[in-house]
Structure formats: C-alpha cells, structure tokens
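Results of the structural survey
This is what each chain is made of:
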Amino acid sequence: MDRIRIVGGQRLHGTIPISGAKNATLPLMIAGLLTDETLILENVPRLADVVQLQRILGNHGVDIMIAGKRAGENGDNGRTIHISAKTIVDTTAPYEMVSRMRASFWVIAPLVARMGEAKVSMPGGCAIGTRPVDLLIMALEKLGADIEIEGGYVIARAPKGLRGGEIAFPKVTVGGTHTALMAAALARGTTVIENAAREPEVVDVADCLNKMGANIAGAGTARIVVEGVSRLHGTRHAVLPDRIETGTYAMAVAMTGGDVLLQNARPELLQVALDVLAKAGTTVTPTNEGIRIARNGAGLEPVDVTTAPFPGFPTDLQAQLMALMTRAKGTSHITETIFENRFMHVQELARLGARIQLDGDTATIEGVARLKGAPVMATDLRASVSLVIAGLAAEGETTVNRVYHLDRGFERLEQKLAACGAAIERISE
Ligand code: EPZ
C-alpha cells in the first residue's frame, strides 16, 4: 500500500492549480442518467472516487468516454468526459458498489425519475458518522415514489412517473438537495424545496440541469422551485473549482509560511474559511488568476470556529484547520456540528505532539511550539490531508499511511506540494 513521506520545515512558494470539485463532479456524473443524450463534463479531476463512480454507472449501462489530450493541454488540466446513458440496462445499484462510496446512493433519484424504478443498496455507516438516508427517501416519497426497504436495499417505484410536491428538509442536507433536484427535474408539475442546501456544488448541479433543459430557480438560496419537464437533453458543462482543495492548500501555506498562488480558485466559494485564515495571521489576496496566500515569519493567532452548512465554515475543512491550530500561539476551539464523529484526526495529530482535548462536539487545541514527525494514518479523506498539513510543519519525517483515502479526493497532492518546495514523496510498495 502506498505511503506519503514528508520531511517538515520547508516553506511553500509557487503556484498550485486547483482542480475541479470532487463533490460537484460526482452528482454531475450521476445527472447523466437523466437523459438518453450525451452529457459532456469538462474540468473533471483525476480521482479514485470518479473512477469508482464510472464503474457504478457502467453497471447501469452508461457508456463513459474519456477524451484524449487537446492542443495546449498538459497532464495538469482536468479531463473531459462524455457520459452517455442512452439505454439503462439495470436499475439496481448493488451493495458491493454503493458501500464503497456513499454518494453513489444518489443514483436512486435519476433512475426512479427516468425509469420508474430503482433498487439501491443502503450505503451503511462510514468513518465520519452514521450518515442516514432518511431525508433522501422522504424527498422521493414527497414526489410520489413508493418506497420499500428490503434486504438492505431501498426500492423506489413510480411506474407512472414522479409528480411535483413540497419538500421541506428539517435539516440542511447536500445529498438530499441533489436527490430532490434530480428527481423533481423530470417530475410532472411544480416542486418546492424548502431549507435546501446552498452549497456551491448544488448550484453547479442546478446550472448543469438547466442547461440540459430543466427549469430550476433559486439554487443557492434556501428555497428552490423546480418546474418539471418531460425530458432532458445533453449539454456541455465545466465543473467548478474545488473549494475544499483550495482551503486545504491555503491552510498548508498558512502552516509552513511562504507565498503561493492557488490558480483558478474562487474566493466567494470559501469566504468564511478565508476570513478565518486572515484572522489567524495569513495574507489572503484575491487576484485575476485565483487567490494568493502568504504568511511571513509571524506566528499564528488562535481562532474559535464552528462548522455549519454553506456559507458557514465547511465541515470538510475542519480537520485541516485543527492541524493548523496545533501550532497557534494560544488556545483555539473548533466545534463540529455536521457530523457527530468527525474527529479521528485528533489521536493521530497527538502522535505528532499536538495537544487537543475533546469534549462532545468541541475540540480545544492548545498550540505547541513544535510538532515532531511520526508514522500516522487516518480513516477518511479530510482527516488524512490534515496529517499531511501537520507533517509539513513537523520536525523530521512523517509518513502518512493508507494513502488511498487521499487519492479519493486530492488530485496529484504530492506533486502539487512538491512543486512549491515541500519535501514530500509517494512511496509505492
Ligand atoms: C456531502 O455529503 C459531501 N459529500 C460531504 O463531503 C460533506 O461533508 C457533506 O455534504 C456536508 O457538507 C459529497 O458531496 C459527495 P449531508 P452528504 O447530507 O450529502 C444528516 C468529503 O469529505 N443527514 O449534507 O452525505 C447527516 O448525517 C465528504 O468530501 C440525515 O440526517 O452530507 C449529516 O449530519 C464527506 N439524513 C447532515 O445531515 C439524511 O437522509 C448533513 O449531511 C441525510 C443527511
């Protein structure tokens, strides 16, 4: 199994290109199931999760073509993929596939909307909490689907098609909102989604659906209105830049010091996180090309942060911020409100010398003068990358095991950091 080896202490200088967002790419690929025409997605990142979803869609009969290189492109550009769900041959998503990637459960919406039935394995728990799908099921029921749960599978049926309805989410859910949007796009009549997720990835999916002929208004606000249409067509859509990758590298630069341009990054996608970094003593400068992040020799100030749905501080940057605050000049508090068990990085950061106390959903981080390298591992993507950030500032050598978690969500992580002067390499075995 591959490992990442880091020797800490190098400042970062240069340019890091930001890839297309994983969490927009996945639902956009799934949206390809809604039409028998070809959906062309540009700026698709090279990630293990994208490959896994290709397999899952392939099982439903979807043809996926990955376009070759174009003039002026190098390996750093995102790829263009053609998704063609002309004929759906199977409406079942089996356990072996769905259990490996939770977002694949979302295929249930386009399958039932277009085919009138879907049988999709329940995703099960995962390393960051129980993560139920009750709200996704509720949304489909509100649109007229009959739901049965049998043998660990959710079976959704709407033989005469879905019909518009009122969906009021009791809690903000990104996956629930994606599901509702995709199902409502092909339902008869009007759907109103209340307390919708406002995440930029939801807006990106709604934009793409509208280009496919859907009639969606209000994406990016808490109230979305969808007028159903009878069919959708193909289109071409470029995936928006990854705000979590952006925030992660911004924190890496804040940690090591230096000056890096995060190319293609868009500040409005993560304003609250950038404000936190500025408060901690980092210089954040939006430019025409992206966002410049710099920190000189001055120390880091502690911060108090609570995660929240967009536009709040993202849960997907919580672990990275905690790694950063292990080196602050004082005590920080980080409260996690989205997932109940997203603190696996705490024990591993402690192995590097961090001082962190957990009390329910709040972590108290007492900054230390130095971290010391050690072998570490983590059981989810964002926790793993927080260990990379800590390793970049730790004295001596840190090895991060179970790199496949990083490969799920960070494209060419070690190359991007090494190009800016980090002493980081992948050790393949
Ligand atoms: C998406 O997950 C992201 N995944 C997650 O990113 C992200 O952490 C999360 O949104 C929150 O921003 C993708 O986009 C692929 P939710 P999702 O439904 O949609 C509860 C990463 O590292 N809930 O918004 O699954 C749930 O338990 C990943 O890239 C229910 O109670 O998250 C949680 O407490 C990890 N019932 C809260 O809602 C439901 O039916 C928000 O979850 C659904 C969710």
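Being a predicted model, the structure only gives us computed values, none of them experimental. (Residues numbered from 1 in each chain as written. Predicted model: local features only at pLDDT ≥ 70, side-chain atom pairs only at ≥ 80, totals over all residues. Heavy atoms only, no water.)

For the ligand, the set of nearby residues contains 24 residues, the closest of which are Asp134, Thr173, Asp316, Ile338 and Arg382. The separation between an oxygen atom of the ligand and a polar side-chain atom of Lys22 is 2.9 Å. Here the ligand has 830 Å² of accessible area as a free molecule, and 90% of this is covered by the chains. For the shell around the ligand, the elements supplying multiple residues, two or more each, are α1 (22–31), α5 (134–142), α6 (174–185) and α12 (381–393). In terms of residue count, the dominant contributor to the shell around the ligand is α5 (three residues). Residues of the shell around the ligand, tallied by class, amount to 12 nonpolar, four polar and eight charged. Of the domains in this structure, domain 1 (3–19 + 241–427) and domain 2 (22–238) are the two that each give at least three residues to the shell around the ligand. (Near = heavy atom within 4 Å. Polar contact = N/O pair within 3.5 Å; in protein donor to acceptor, adjacent residues only side chain to side chain. Areas by Shrake-Rupley, 256 points an atom, 1.4 Å probe, with all protein chains shown as cover. Helix = DSSP H or I, 4+ residues; strand = E, 2+ residues; numbered from the N terminus. Nonpolar A, V, L, I, M, F, W, Y, C, P; charged D, E, K, R; others polar. Domains from an automatic or database assignment.)

One pass over the full model with this rule turns up 23 salt bridges. Between Arg5 and Glu397 there is a salt bridge; the shortest N-O distance is 3.1 Å. Note that Arg5 is positioned in strand β1 (residues 3–7) and Glu397 in strand β23 (residues 397–401), a separation of 392 residues in sequence. The exposure class assigned to Arg5 is partly exposed, which follows from its relative accessible area of 25%. Each of the salt bridges in this network shares a partner with another, and the network as a whole consists of Asp2, Asp407, Glu414 and Arg426. (Salt bridge = Lys/Arg side-chain N within 4 Å of Asp/Glu carboxyl O. Buried < 20%, exposed > 50% of the residue type's maximum accessible area, 1.4 Å probe, protein only.)

Strand order in the open sheet made by the four strands is β2-β15-β17-β16, with mixed pairing throughout. At either end of the open sheet lies a strand with only one pairing partner, and these are β2 (12–17) and β16 (283–286). Pairwise comparison of adjacent strand axes, ignoring direction, gives a mean angle of 15° for this sheet. As defined by bridge partners, β2 adjoins strand β15 (residues 258–263) across six bridges and the pair is classed as parallel. Bridging across to β15, Ile16 finds its partner in Leu262. (Pairing = 2+ DSSP bridges. Axes fitted to C-alpha atoms, helices over the stretch in contact; angles between N-to-C directions.)

Turning to the packing of α5 against α6, a few remarks are in order. It is the contact of α5 with α6, at a shortest axis distance of 8 Å, that shows an interaxial angle of 20°. With respect to α6, the element α5 is oriented roughly parallel. Regarding α5 and α6, the two cross each other, and that crossing is right-handed. Residues Leu136, Ala139 and Leu140 of α5 pack against Gly175, Gly176, Thr179, Ala180 and Ala183 of α6. (Parallel < 35°, antiparallel > 145°, perpendicular 65-115°, else oblique. Left-handed = near helix turned anticlockwise from the far one by under 90°. Contact = heavy atoms within 4.5 Å.)

Taken in spatial order, the four strands of this open sheet run β10-β11-β13-β12, and their pairing is mixed. Pairing within the sheet leaves two strands with one partner each, and these edge strands are β10 (166–168) and β12 (215–217). Direction aside, the axes of adjacent strands within the sheet are offset by 15° on average. Both strand β11 (residues 190–194) and strand β13 (residues 223–227) contribute to a ladder of five bridges, which runs antiparallel. Looking at β13, one finds that Val192 is bridged to Val225.

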